[in-house]
Structures are given as C-alpha cells and as structure tokens.
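Results of the structural survey
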Amino acid sequence: MIELLATTLGLPITFLGVVLIHELGHFFAARLVGVKAEVFSVGFGRTLWSRMSPAGVRWQIAAIPMGGYVRFVGDENAASLSSMPEGPVIPGSLRAVSRLRQAVVVLAGPLANLVLTLALLTAVPLIGGQTAWPWVIEDLALSEDVSPLLSGDEIIALNGKAITPNTSVEMLGSLLGDAPIADYAIRRDGTEMMLTGPRPDLPLLSLGAPGSPAETGGLEVGDLLLSVDGAALSSWAALQAAVANSKGSPLQITTNRGGQIIAAQLIPELSGGRWLIGVANAPLFTLAQETPSLGDALTSGWTQTVDLLSGMVVGLTASTVGEGDPCALDGPLAIGQAAGQAIQLGPVVFLTFMAVISLGLGVLNLLPIPILDGGHLLTLAVEALTGRPMGKRLQAVLFIGGVTLIVFLMLTATINDLGC
C-alpha cells in the first residue's frame, strides 16, 4: 500500500517540480525582455482554480498534475512559445521583440532546469551530509573473520589508487574491475599497513521488499550471495547483470548466511521494464560523515551536475548514431516507479532523483525537434539566416511533425516499460 501510494504521488510531484521550474524560467526571462504572459498554469486540462494578478497574468491550477505551461500574448495555444508567424505584430508578444530576446526566453527554460539540478545537488550534502575525508570506517557489515578491516581504520588507497577528496564511494567498483578481492592501504592507530580483503561492493543484501522474489525464495537481509547458476559473484554489479540477463528464468543462488552455505531458487519479476529480485545492496563498510560548508557543497553539486550532463550528452549521441540501448529510454511507468522508490528511501535520494530528471528535461528540450525549445531555437536561427519569418503553413507542418515524433518516443518508452 505504501509503495503504491509513493509511486502514485512520486510521478506528479517530480513532474510538477521540474516542469514548473522550467516554465518559470521562460516566464521570468519573458518579463525581463518585455514579453507579456497571459496564463501560467500548474497542471493541464480543466481549470480547477484561477486568479488574475495585478500584472494581468491568470495564475491557475488545472486538473492533470503532470507539469504546467506558460502562455504568452499572441500564442495560439498552450504550447509555449508558438506565436503566430504572420499578421500584425501584437504588442507584448514574442514577435514584438528581437530574435535575440526570443532566444533568451527559449533558453531560459532549460537553463532553469540546470540551475534546479545544481541547487538540489548542492542541498543534498547539506541535508544528508557527505563522506568525510580522509575516509574513516565507521561500521562494518561483515565480521572480523571475513574482513580484516576494523572500525576506525582510515582508508588511504584501494588497489593502488589513492583516495582523494574527489573520490566517491560510487567510483570504487570501477577501480576494482572484476577482481573478487581488493588490496587496501590503511592507517590504523597511526601505523600504515596493507590488507587484502573483500570488495566494498559485495553482493550483500539489505532492504528486502515484502513479497519480492528474494523474500519468497528464502533470502534474508545480511545474506552474502556467492554464485548465480554456478557462476561466482564478485560484486553487486555482477548480480545485477545476472538478474537482468535472466529474462525471468529461474536463478539458482548460493549464499553465505553467517557461515552457513544455503541454496535458493529465485524467479525475477519484470517491474518498470527491468528484471528485479527486490533487494538492495549493503556495502561492506560505512564511512564517517560530515556536513560540508556551503562552498564545498556548491563545488560538489557543480561537479556532479557537469558529470551528469556529460553522461547525458554521451548517451544521446550514442542513441543518435544507433549505438545506444533502446531499452534505456524510460517511460512514465518506469519513472513513476523510480520516483516512488526514491520517496521511500528518504529526502536525500528523492532530491537526487529530481535533480537527474530536471537535468534530463532540460537536455531533451534542447533537441532540435519542433515543439521543443531546441526546435524554437532552430527556427530562430533559420529566420536569422533567411532574414524573414517562417511561413505559417511550414511552421504548422513542423509542429505536427514534432508532436508526432514526441508521441512516438513516448509510446516507445511506454513499450520499453512493459517489455524490456
């Protein structure tokens, strides 16, 4: 029940947040350059409540809470920035200002999403703390007979790679590759030493979902998974790959539970387009946390934003040339489920999730597709080169083509949710 409620609320909360910030970017940029807004709507569809501001803007709440829109003077409809290309110029419309100012209004939406992502990723360590540096082990998930590490050990390097202030826990898996064990350089009571022990990203189970394949198959929190279908597991990533590649076929699992070897059979379930067994990873150790200064949090937020942006651009480029995974395109079902899971895991995870969605919305809106901001920028560029506005008929054809392409992508994403 709680999971269903979280999923039901997660999607509209996420979309309301990131889309409204996007539209507010357009709105305030328009005011800055002299373009007047007629309507600012929270949600779509039938109007539930509205109020006219002294500035002549109708602020309203609509029935479908999946975002919103801003409509400017001279717009034909609620599709933001689609002004009449022909006829008399209406004072306060987009056509009444220069193409440069129009471009400012167009770019302000994606820029607002970028700023929101930066703000959220800056807020996350201020709310939830961040890993202190130097790294100090605060707690261990396995006993001393399994791991030679102790609480209070300071980790200096892993597999010869020094731990620096820029090293994140999420990077550790890439430092280890497929190696089943790790070489730790540590400092204990002022003495440096080398230890060989288990990886920090072991397939160790936590947060088993009620009724999940893991629970019905007999697995328990704290189990250390050793193999799947006879293949040894060295890391959590290896377990994820084995479950994804199963395509729903039964998996034969061996696990270490407090020194006892136990066999189990799990049947993965398809959820949000992914095969899952309903567990989360428990890391080998947890590290001491600290609350950073605002400057450090901002630096961390900016670094993460740039990394996210770089990854999205690389992914889109790969998809454009046919090298991307078609199942990587998530639809509303997968996003809704992810939003629900993020809400259940707490504000830090949910804010991080919203930051990713916000940046993704900004990047996608810059694609040169009619109806999107990138399509409007392309139109402005063509008009600047030709020296005349694009004809109404051509703009209508491009608009319909853009809508068709967006609908096709949405249908593809929804099919991915159900079948990948």
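Presented here is a report on the structure given in the accompanying data block.

Looking now at the overall build of the protein chain. Counting its regular elements, the protein chain contains 10 helices and 18 strands. By residue count, 40% of the 420 residues in the protein chain fall in the buried class. Partitioning the intrachain contacts of the protein chain with sequence separation of at least 6 by distance along the chain shows that 64% fall at a separation of at least 24. Total accessible area on the protein chain stands at roughly 21800 Å², and carbon and sulfur atoms take up 65% of it.

Our next topic: the nonpolar core. In a soluble, globular protein the nonpolar side chains are often hidden away together inside. Formed by 21 residues in total, the largest nonpolar core has its most connected members in Ile-137, Leu-149, Ile-155, Leu-158, Tyr-184, Leu-284 and Phe-285. Elements with a contribution of two residues or more to this core: β4 (135–140), β5 (154–158), α3 (172–176), β7 (181–188) and β17 (285–287). Once residues within four sequence positions are removed from consideration, Leu-149 is found in contact with Ile-137, Leu-140, Tyr-184, Ile-186, Arg-188, Leu-195, Leu-284 and Phe-285. Counting 16 residues, the second largest nonpolar core, distinct from the first, contains Val-19, Leu-120, Ala-342 and Ala-355.

It is worth spelling out helix α8 (residues 347–365) at this point. With 19 residues, α8 ought to run about 27 Å at 1.5 Å a step, and its terminal C-alpha atoms sit 27 Å apart, in line with that. Listing the buried residues of α8 in full gives Phe-350, Leu-351, Phe-353, Met-354, Ala-355, Ile-357, Ser-358, Leu-359, Gly-360, Gly-362, Val-363 and Asn-365.

The subject of this paragraph is the side chain of Asp-223. With respect to the element layout, Asp-223 can be found in the loop between α4 (213–216) and β10 (224–228). Residue Asp-223 is classed as buried on the basis of its relative accessible area of 1%. A polar side-chain atom of Asp-223 sits 2.8 Å from a polar atom in the side chain of Arg-257. Those residues within four positions of Asp-223 in sequence are excluded, and the remaining contacts are Pro-203, Leu-204, Leu-205, Thr-255, Asn-256 and Arg-257.

Our focus in this paragraph is the pattern of salt bridges. The tally for this structure, following the rule as stated, stands at 8 salt bridges. The salt bridge partner of Glu-220 is Arg-257, with a shortest N-O separation of 3.5 Å. Separated by 37 residues along the polypeptide, Glu-220 in the loop between α4 and β10 and Arg-257 in strand β12 (residues 251–257) bring together distant segments of the chain. Across the pair Asp-223 and Arg-257 runs a salt bridge whose closest N-O atoms are separated by 2.8 Å. Taken together, the residues Asp-223 in the loop between α4 and β10 and Arg-257 in strand β12 connect sequence positions 34 residues apart. Overlapping salt bridges bring together Glu-154, Arg-187 and Glu-192 as one network.

This part takes up the sheet that holds β10. Ordered in space as β11-β10-β12-β13, the 4 strands form an open sheet in which the pairing is antiparallel. Two strands close off the open sheet at either side, each with one partner strand: β11 (231–232) and β13 (260–266). Here β10 runs beside β11; their pairing, made up of 2 bridges, is antiparallel. Residue pairing across strands places Ser-227 opposite Ala-232, the latter belonging to β11.

Taken together, the side chains of Phe-44, Ile-64 and Met-66 present a nonpolar region at the surface, about 230 Å² in accessible area. Among the secondary structure elements, Met-66 is positioned in strand β2 (residues 58–72).

Running from N to C, helix α2 (residues 99–128) and α8 point in directions that differ by 165°, and their axes come no closer than 8 Å. In terms of their interaxial angle, α2 and α8 are classed as roughly antiparallel. Relative to α8, the crossing made by α2 is left-handed. Mapping the contact onto sequence places Pro-110, Asn-113, Leu-114, Leu-116, Thr-117, Leu-120, Leu-121, Val-124, Ile-127 and Gly-128 in α2 and Val-348, Leu-351, Thr-352, Met-354, Ala-355, Ser-358, Leu-359, Leu-361, Gly-362 and Asn-365 in α8. Of the residues in the contact of α2 with α8, the class split is 13 nonpolar, 7 polar and no charged.

A few words now on the side chain of Thr-255. Position of Thr-255 relative to the elements: it lies in strand β12. Accessibility expressed as a relative area gives 0% for Thr-255, which makes it buried. At 3.1 Å, the side chain of Thr-255 and the backbone oxygen of Leu-224 are in polar contact. Aside from chain neighbours lying at most four places away, what touches Thr-255 is Leu-219, Asp-223, Leu-224, Leu-225, Leu-226, Gln-260, Ile-261 and Ile-262.

Once that is clear, we can look at unusual backbone geometry. The omega torsion across Trp-133 and Pro-134 is 5°, close enough to zero to call that bond cis. By the element assignment, Pro-134 lies in the loop between β3 (130–131) and β4. One non-glycine residue, Asp-189, lies in the positive phi region at around 55°. Positionally, Asp-189 belongs in the loop between β7 and β8 (191–198).

Conventions we followed
- Residues numbered from 1 in each chain as written.
- Predicted model: local features only at pLDDT ≥ 70, side-chain atom pairs only at ≥ 80, totals over all residues.
- Heavy atoms only, no water.
- Helix = DSSP H or I, 4+ residues; strand = E, 2+ residues; numbered from the N terminus.
- Buried < 20%, exposed > 50% of the residue type's maximum accessible area, 1.4 Å probe, protein only.
- Contact = heavy atoms within 4.5 Å.
- Areas by Shrake-Rupley, 256 points an atom, 1.4 Å probe, with all protein chains shown as cover.
- Core = buried A, V, L, I, M, F, W, Y, C linked by side-chain atoms within 4.5 Å.
- Expected span 1.5 Å × (residues − 1).
- Polar contact = N/O pair within 3.5 Å; in protein donor to acceptor, adjacent residues only side chain to side chain.
- Salt bridge = Lys/Arg side-chain N within 4 Å of Asp/Glu carboxyl O.
- Pairing = 2+ DSSP bridges.
- Patch = residues over 30% accessible without salt bridge, like charges linked within 9 Å, V, L, I, M, F, W, Y side chains within 5 Å.
- Axes fitted to C-alpha atoms, helices over the stretch in contact; angles between N-to-C directions.
- Parallel < 35°, antiparallel > 145°, perpendicular 65-115°, else oblique.
- Left-handed = near helix turned anticlockwise from the far one by under 90°.
- Nonpolar A, V, L, I, M, F, W, Y, C, P; charged D, E, K, R; others polar.

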